[in-house]
Amino acid sequence: MVIVACLLLPVAAFVLYGMNRIEDWLTRTPQPARHAQPWHLRLIPGGKQETLVPAQASHRRSDAA
């Protein structure tokens, strides 16, 4: 019986080590994606700046036909 216990000891150690590594892998926080940088999303230069349009200019009517 002592021989069986000595043979199972390395197997038990390997299983405990493997479970510890798997648990650390599953519970770690994900790192942000490399392609999700904010400067990659600006397609138009100066897109953050808003231009002020007068209210009367935006309500022009066309008298065509």
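Definitions and cut-offs
Residues numbered from 1 in each chain as written. Predicted model: local features only at pLDDT ≥ 70, side-chain atom pairs only at ≥ 80, totals over all residues. Heavy atoms only, no water. Helix = DSSP H or I, 4+ residues; strand = E, 2+ residues; numbered from the N terminus. Buried < 20%, exposed > 50% of the residue type's maximum accessible area, 1.4 Å probe, protein only. Patch = residues over 30% accessible without salt bridge, like charges linked within 9 Å, V, L, I, M, F, W, Y side chains within 5 Å. Areas by Shrake-Rupley, 256 points an atom, 1.4 Å probe, with all protein chains shown as cover. Salt bridge = Lys/Arg side-chain N within 4 Å of Asp/Glu carboxyl O.

(A) Spotlight on the overall build of the protein chain. When its secondary structure is counted, the protein chain shows two helices and zero strands. Within the span of the protein chain, comprising 65 residues, buried residues form 0% of the whole.

(B) Focus on a nonpolar patch on the surface. Side chains of Val4, Leu8, Val11, Phe14, Val15, Met19, Ile22, Trp25 and Leu26 sit close together on the surface and give an oily, nonpolar patch of about 960 Å² of accessible area. By the secondary structure assignment, Val11 is in helix H1 (residues 2-27). The class for Val11 is partly exposed, based on a relative accessible area of 47%.

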